[in-house]
Amino acid sequence: MIEIRDLEVAYDQDIALKELNLSVPAHSTCAVIGSSGCGKTTLLYALAGLVRPQSGSIVIGGKSVSGIRKETGLVLQDYGLLPWKTVRDNLAFPLKARGFGAVETSERVGAMLEELGLESLGHRLPGELSGGQKQRVAIGRTLVLEPDVLLMDEASSALDAMTKELIQNLVLRLHRERQFTLVLVTHNIEEAVFLGQRILVMADGRVQEQIDNPYFGEADFRDHPSFFEMSLKIRRRLYEQA
Amino acid sequence: MSRLKGEMRQLGGDRAQSGDRTKSDDKSQRRLRSSASLRGSWLQTLYGMLAILLFWYVMHISVGSAAIPAPHTAILHFLRIFPGELSKHLLVSLGRISVALLVSLVLGGALGLWMGVSERADRWLSPVVYLLYPLPKIAFLPVLMILFGLGETSKIMLIIIIIIFQILVAARDGVREISKELYYSVLSLGIGRSGLYRHLILPATLPKIMTALRICVGVSISILFFGENYATTYGIGYFIMNSWLMADYVEMFSGILALSLMGFLLFKGIDLLEARWCRWTRLTRRLTDVHK
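Just so it is clear, the structure is predicted and the values come from calculations on it, not from any experiment.

Definitions and cut-offs
- Residues numbered from 1 in each chain as written.
- Chains lettered and ligands numbered in written order.
- Predicted model: local features only at pLDDT ≥ 70, side-chain atom pairs only at ≥ 80, totals over all residues.
- Helix = DSSP H or I, 4+ residues; strand = E, 2+ residues; numbered from the N terminus.
- Buried ≥ 20, exposed ≤ 12 C-beta atoms within 10 Å, placed from the backbone.
- Contact = placed C-beta atoms within 7 Å.
- Domains from an automatic or database assignment.
- Nonpolar A, V, L, I, M, F, W, Y, C, P; charged D, E, K, R; others polar.
- Pairing = 2+ DSSP bridges.
- Axes fitted to C-alpha atoms, helices over the stretch in contact; angles between N-to-C directions.
- Expected span 1.5 Å × (residues − 1).
- Bend = angle between axes of the 7 residues up to and from the residue.
- Right-handed = clockwise from strand over helix to strand, strands pointing away.
- Parallel < 35°, antiparallel > 145°, perpendicular 65-115°, else oblique.
- Left-handed = near helix turned anticlockwise from the far one by under 90°.
- Core = buried A, V, L, I, M, F, W, Y, C linked by C-beta atoms within 7 Å.
- pLDDT = per-residue confidence, 0-100.

A. Focus on the overall build of chain A. A count of helical and extended segments in chain A gives seven helices and ten strands. Principal axes of the C-alpha set define a box for chain A whose edges measure 50 × 45 × 30 Å. Evaluated residue by residue, chain A yields a buried proportion of 50% over its 242 residues.

Here you go:
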């Protein structure tokens, strides 16, 4: 369970988040949507413990977040892979840095590469991969640490339409299998509707509206009229905010 | 799971992007690329040598002075004296430069990384660096002689106080260039401070440090030439100046050839280290070539 109370974050004089309140049930998903500069990414950084709030509190799993929380995973827009490490080493180094032994590291990395269909790419550098492949590696690097909360920032914005949908399918499948709590920041309405059990519309550093998505996770959801209805609803809300 | 794998294959576009490439395919391609690059590198060296020789011959013929001997005369003399006396001078110079480069790399690199990471360190140290960097440090040679004596230490210190700033500034700027996103991404993995240095900061700054090191090699050789002109009877600088004073220009040019050889070996050594430690930058360069 993620509980945010009266959160305020500012960069020097610029207030990025104002009196933000939010609760995300454990094992659920939450998509945050809004225009550029509305504070979505700052919210994600605050949840990851990367920025310190001026006031308010963030509680995850009953514990207050006061710094980087080891059980929280973060996947960023530009993947955040280390270009000098191979795919395998990108997955292995956080484990090694956390004190996992060579055998366990190798087993975990091998299993993750297999799960994500990356076995044949383990020896390649990130610069030799396509956008979709890099995104899978970034997700794998986070999941190999078995987080209970996964934060994703515009995770598929740089991908083509088809790859974007396939990445979204992958995230949904992994969420179902691993039961982590997912908080996803996106510009993309369809992505928010497909992956958000609850959709937050943000503007000016505040959550303007929380919309529950009862159709989340339905089979072939993208082809269903309810998907278009929900997308339309979100689009209208965003227009109203703009 | 099989459905997932099917999706993954579709998602990765492995076949679409790179065919059914396997690890051994990649390895053999890398081997081919590396042998082609080695061949190219030797051809470039050969071209460089021929261009210099041609220029040397033109100068020799057009000036018509004993001060510029014929290249073949100097080369033959170089080959004759190199195994004996000349190699001793070269080794002494190489030792002085290597120690100076190593000390500058360790001290300048560490200080630069610290200044890049710590805003407070940068605030306090940058003004000192900016004031000292442009000074003509060679003017401090008498001070170095008093402090460190006339022996090896003052010669090496003279090189260090000049080149350390380049490495320091390169390391500091290298840290500053790490994107906030990459920094956050690695930080969020919950690795400690030492892990951050080892996995992110050091590798990210290494290409800049290698470039600075390459510049420092050229500068070090020039300073060494100056430093080897007092209180020593060994070193390639001494050898060249001594030959000049004795008006033995063929011998002097043999020394210059040895100095050039030393520079060439140091540059090639740095190239090899860069190819080993910064393989990813070569990949970026290769991809840039493709897009031209």
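B. Broad picture of the overall build of chain B. If you tally the helices and strands in chain B, you get twelve helices and zero strands. Ordered by position from the N terminus, the helices and strands of chain B form the series α-α-α-α-α-α-α-α-α-α-α-α. Within chain B, the proportion of its 292 residues that are buried is 28%. Of the contacts made within chain B by residues no fewer than 6 positions apart, 76% connect residues no fewer than 24 positions apart.

C. Fine view of the domain arrangement of chain A. Residues and elements named next belong to chain A. Splitting chain A by domain gives domain 1 (2-71 + 147-241) and domain 2 (82-146). If you average the C-alpha positions of domain 1 and of domain 2, the two centres end up 25 Å apart. Considering each element in turn, the side of domain 1 that touches domain 2 owes the most residues, five residues, to helix H5 (residues 161-178). Grouping the amino acids of the side of domain 1 that touches domain 2 by side-chain chemistry returns eight nonpolar, two polar and one charged.

D. Just the sheet that holds strand S5 (residues 63-64) of chain A, in detail. Residues and elements named next belong to chain A. Here four strands make up an open sheet; going across it, the order is S2-S1-S4-S5 and the pairing antiparallel. Of all strands in the sheet, those bounded by a partner on one side alone are strand S2 (14-24) and S5. On top of the sheet, helix H1 (residues 40-48) reaches strand S1 (2-11), S2 and strand S4 (55-60); it is set at about 65 degrees to S2, its chief contact.

E. The arrangement of helix H9 (residues 193-227) of chain B in detail. With 35 residues, H9 of chain B should reach 51 Å at 1.5 Å per residue; the first-to-last C-alpha distance of 41 Å falls well below that figure. Residue Leu206 of chain B marks the point of greatest curvature in H9 of chain B, where the axis turns by about 45 degrees; the proline Pro207 of chain B follows within four residues.

F. Examining helix H11 (residues 249-277) of chain B more closely. Residues and elements named next belong to chain B. Spanning 29 residues, H11 covers 42 Å between terminal C-alpha atoms, matching the ideal 42 Å at 1.5 Å per step. Along H11, the positions that sit buried rather than exposed are Glu251, Met252, Phe253, Ser254, Gly255, Ala258, Leu259 and Leu266. In this fold, the buried residues of H11 make contact with helix H4 (71-117), H9 and helix H10 (236-245).

G. Broad picture of the pairing of strand S7 (residues 149-153) of chain A. All names here are of chain A. S7 sits mainly inside the fold: five of its five residues count as buried. Both faces of S7 are covered, namely the face carrying Val149, Leu151 and Asp153 and the face carrying Leu150 and Met152. Here strand S6 (residues 72-75) runs beside S7; their pairing, made up of four bridges, is parallel. From the neighbouring strand, Val75 faces S7, where its bridge partner is Met152. Handedness of the crossover joining S7 and strand S8 (residues 181-186) through H5 is recorded here as right-handed.

H. Structural context of unusual backbone geometry. All names here are of chain A. Although it is not a glycine, Tyr79 sits at a positive phi angle of roughly 75 degrees. Relative to the helices and strands, Tyr79 resides in the loop between S6 and helix H2 (87-97). One non-glycine residue, Glu146, lies in positive phi territory at about 50 degrees. Mapped onto the elements of the fold, Glu146 is located in the loop between helix H4 (131-143) and S7. Judged by local crowding, Glu146 falls into the exposed class, with 11 C-beta atoms found within 10 Å.

I. Region of the structure containing the packing of H2 of chain A against H4 of chain A. Residue and element names in this part refer to chain A. Running from N to C, H2 and H4 point in directions that differ by 25 degrees, and their axes come no closer than 8 Å. Between H2 and H4, the angle is such that the two are roughly parallel. Both H2 and H4 take part in a crossing whose hand is right-handed. Judged by residue contacts, Val87, Asn90, Leu91 and Pro94 of H2 engage Val137, Gly140 and Arg141 from H4. Of the residues assigned to the contact of H2 with H4, the class counts are four nonpolar, two polar and one charged.

J. Inspection of the nonpolar core at higher detail. Counting residues in each nonpolar core, the largest one holds 112 residues, and the members touching the most others are Val32 of chain A together with Ile159 and Ile167 of chain B. In terms of residue count, the dominant contributor to this core is helix H7 (residues 152-176) of chain B (15 residues). For this core, the two domains that each supply at least three residues are domain 1 (2-71 + 147-241) and domain 2 (82-146) of chain A. By size, the runner-up hydrophobic cluster in this structure holds eleven residues, among which are Leu90, Phe239, Ile240 and Ala258 of chain B.

K. Seen up close, the sheet that holds S6 of chain A. Residues and elements named next belong to chain A. Read across the open sheet, the six strands follow the order S6-S7-S8-S3-S9-S10; overall the sheet is mixed. Edge positions in the open sheet fall to S6 and strand S10 (206-212), since each of these has one partner strand only. Strand-to-strand twist across the sheet, computed as the mean angle between neighbouring axes with direction ignored, equals 20 degrees.

L. Up close: the environment of Asp153 of chain A. All names here are of chain A. Along the chain, the position of Asp153 falls in strand S7. The exposure class of Asp153 is buried, given the 25 C-beta atoms found within 10 Å. When the C-alpha positions of Asp153 and Phe221 are compared, they lie 22 Å apart, and in sequence the two are 68 residues distant. Ignoring sequence-local partners within four residues, the contact set of Asp153 consists of Thr41, Leu44, Leu76, Gln77 and Val185.

M. Highlighting the pairing of S2 of chain A. Residue and element names in this part refer to chain A. Across seven bridges, S1 lies against S2 in antiparallel orientation. Across the sheet, residue Tyr11 finds its bridge partner in S2, namely Asp14. The antiparallel pairing of S1 with S2 creates a hairpin that spans two residues between the two strands, and Asp12 there sits at a positive phi of about 50 degrees.

N. Spotlight on the packing of H9 of chain B against H11 of chain B. Residue and element names in this part refer to chain B. Two numbers describe how H9 lies on H11: the axes approach to 10 Å, and their chain directions differ by 175 degrees. Taken as axis vectors, H9 and H11 run roughly antiparallel relative to one another. Listed contacts from H11 to Leu206, Met210, Leu213, Arg214, Val217, Gly218 and Ile221 of H9 are Leu259, Gly263, Leu266, Phe267, Ile270, Leu273, Glu274 and Trp277. Residues that form the contact of H9 with H11 fall into these classes: eleven nonpolar, two polar and two charged.

O. Main features of the confidence of the model for chain B. All names here are of chain B. Residue-level pLDDT values for chain B average 86, and 85% of them are 70 or greater. Considering only residues more than four positions removed or in separate chains, one finds that residues 1-5, a stretch of pLDDT under 50, has two contacts. Of the regions scoring below 50 in pLDDT, residues 12-20 engages in ten contacts with residues more than four places distant in sequence or in other chains. Both confidence scores are given for the complex: pTM 0.81, ipTM 0.87.

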